[in-house]
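Commentary on secondary and tertiary structure
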Amino acid sequence: MRIKLIISFFFITLSSFAQDVEKDFDAPDSLYREDQFYLNVTYNTLLKRPDGLKQNKFSTGIALGFLRDMPLNEKRTVSLAVGLGYSLSIFNQNMGIIDVNNETTYQILNTDNITFSKNKLSLHYVDLPIEFRWRNSTPDSHKFWRVHLGIKLSYLFHDQYKLESSQGNVGQTNLKDLNDFHYGIYLTTGWNTWNLYAYYGLNPLFKSSAKIEGQSIDMNSANFGLMFYIL
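Starting from 1, residues in each chain are numbered consecutively following that chain's sequence as written. Confidence filtering applies because this is a predicted model: local features only for residues at pLDDT of at least 70, side-chain atom pairs given and counted only at 80 or more, and all residues used for totals across whole chains, interfaces and linings. The side-chain figures draw on all heavy atoms in the structure; neither hydrogens nor water molecules are used.

Things to note about the overall build of the chain
Helix and strand definitions follow DSSP, with helices as H or I runs of at least four residues and strands as E runs of at least two, each counted in order from the N terminus. Helix and strand counts for the chain come out as 1 helix and 13 strands. Ordering the α and β elements of the chain from the N terminus gives α-β-β-β-β-β-β-β-β-β-β-β-β-β. A 1.4 Å probe rolled over the protein chains alone gives each residue an accessible area, and that area as a share of the maximum for its type sets the label: buried under 20%, exposed over 50%, partly exposed in between. Here the chain holds 231 residues, and the buried ones make up 39% of them. Contact between two residues is taken to exist if any of their heavy atoms lie within 4.5 Å; hydrogens are not considered. A fraction of 71% describes how many contacts in the chain between residues 6 or more apart in sequence connect residues 24 or more apart. In these tables, accessible area is a Shrake-Rupley quantity obtained with a 1.4 Å probe, and a residue counts as shielded only by the protein chains included in the view. For the chain, the accessible area works out to roughly 13,600 Å², and carbon and sulfur atoms hold 61% of it.

What follows is the structure in structure tokens.
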């Protein structure tokens, strides 16, 4: 009898607790935070290219990570966010990166002498985004307009170059002439799920030691695409 009473008491208590949790879950959260996880997909373009350097195919990029939202006003429509993420930038172009006697040389591939099916530079970064945010959100709705203006600091932890051509295949990693640190500004704006994203790199991808026929490869990058946020 005692066991039956204990079991009955347990289920009654559990049922009451579940009802309370459900009620709390449905209630608007006045201390909400927005846009914690992010994913973006971009088209990458090279700026300030040396003479003769062209992009071919579609150069893509992808980034994902976490941002800590820190509201700055009582309505929580203005905030600061700091995060950590990963990004991959791919550039398909006609610049050959060749190792000759342990010396890296750069040249524009002449299609009269060589044909290639792949000529790709892949850059892997750890990112630190910092952004100032405005949105017209409310505690009970996740559909709102947003404008995020930020700066992104990036550290290059891995790079890979691949060339597949009529004269053979080339593969290299850890190119010494690439800048390890990059920084740039970006803007994200949109409604609900769909947000436009634009990034402009403020420093070159390559160091001044990288040259094509005496001309420094002073290229930086700009990325355009879509940003998706997950709470």
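That was the structure; now back to the text.
Concerning empty space enclosed by the protein
Grid points spaced at 1 Å and placed over the protein atoms alone form the basis of the search, with a cavity being a set where a 1.4 Å probe fits but cannot get out and a pocket an open set showing protein on both sides within 12 Å along at least five of seven lines. Lining residues have an atom within 4 Å of a point. Grid points are joined across faces, edges and corners, and a volume is the space filled by probe spheres set on the points. Throughout the structure, instances matching the rule amount to 3 cavities of 30 Å³ or more. When its volume is computed, the largest cavity comes out at roughly 190 Å³. Looking at the largest cavity, it is lined by 21 residues, and the ones nearest its centre are Ser89, Tyr125, Lys152, Tyr199 and Asn223. When residues of the lining of the largest cavity are traced back to their parent elements, those giving at least two are β1 (37–47), β2 (60–71), β3 (78–92), β7 (145–165), β9 (181–191), β10 (194–201) and β13 (220–230). Counting residues per element, the lining of the largest cavity draws most heavily on β3, which supplies 4 residues. Class assignment of the residues belonging to the lining of the largest cavity gives a composition of 9 nonpolar, 11 polar and 1 charged. For the second largest cavity, the calculated volume is near 90 Å³. As a working rule, the residues Ala, Val, Leu, Ile, Met, Phe, Trp, Tyr, Cys and Pro are called nonpolar, Asp, Glu, Lys and Arg charged, and the rest polar, with Gly in that last group.

Notes on the pairing of β9
Taking every second residue as pointing to the same face, the buried face of β9 carries His182, Gly184, Tyr186, Thr188 and Gly190, while none of Phe181, Tyr183, Ile185, Leu187, Thr189 and Trp191 on the other face is buried. The pairing criterion for strands is at least two bridges between them, as found by DSSP. Pairing between β7 and β9: 11 bridges, direction antiparallel. Across the sheet, the residue bridging to leucine 153 is tyrosine 183, located in β9. As paired elements, β9 and β10 share 8 bridges and run antiparallel to each other. Paired with tyrosine 186 across the bridge in β10 is tyrosine 199. Linking β9 to β10, which pair antiparallel, is a turn of 2 residues; within it asparagine 192 sits at a positive phi near 60 degrees.

Structural notes on the environment of isoleucine 97
Along the chain, isoleucine 97 falls in strand β4 (residues 95–100). What makes isoleucine 97 buried here is its relative accessible area of 0%. When near neighbours in sequence (up to four residues on either side) are disregarded, isoleucine 97 contacts Thr104, Thr105, Tyr106, Tyr161, Val170, Gln172 and Leu175.

Brief notes about the pairing of β4
Here 6 bridges tie β4 to strand β5 (residues 103–108), and the two strands are oriented antiparallel to one another. If you follow methionine 95 over to β5, its bridge partner there is isoleucine 108. In sequence, β4 turns back onto β5 through a hairpin of 2 residues, with asparagine 101 there showing a positive phi of about 55 degrees.

Some details on unusual backbone geometry
One non-glycine residue, arginine 76, adopts positive backbone phi at about 65 degrees. Within the element layout of this structure, arginine 76 appears in the loop between β2 and β3. The residue asparagine 174 is not glycine, and still its phi comes out positive at about 55 degrees. Structurally, asparagine 174 is set in the loop between β8 (168–173) and β9. Looking at asparagine 174, the relative accessible area reads 56%, which means it is exposed.

Some words on the pattern of salt bridges
For this analysis, a salt bridge means a side-chain nitrogen from Lys or Arg found within 4 Å of a carboxyl oxygen belonging to Asp or Glu. In this structure the tally under the stated criterion is 4 salt bridges. A salt bridge links arginine 135 to aspartate 69, with the shortest nitrogen-to-oxygen separation between them at 3.0 Å. Here arginine 135 is found in strand β6 (residues 116–135), whereas its partner aspartate 69 is found in strand β2, with 66 residues between them in sequence. The pair formed by arginine 135 and aspartate 69 is uniform in burial state, with each residue classed as buried. The partner of glutamate 164 in a salt bridge is lysine 118, with the nearest N and O atoms 3.9 Å apart. Note that glutamate 164 is positioned in strand β7 and lysine 118 in strand β6, a separation of 46 residues in sequence. The exposure class of lysine 118 is partly exposed, given its relative accessible area of 25%. Within the structure, one salt-bridge network assembled from shared partners comprises Asp69, Glu131, Arg133 and Arg135.

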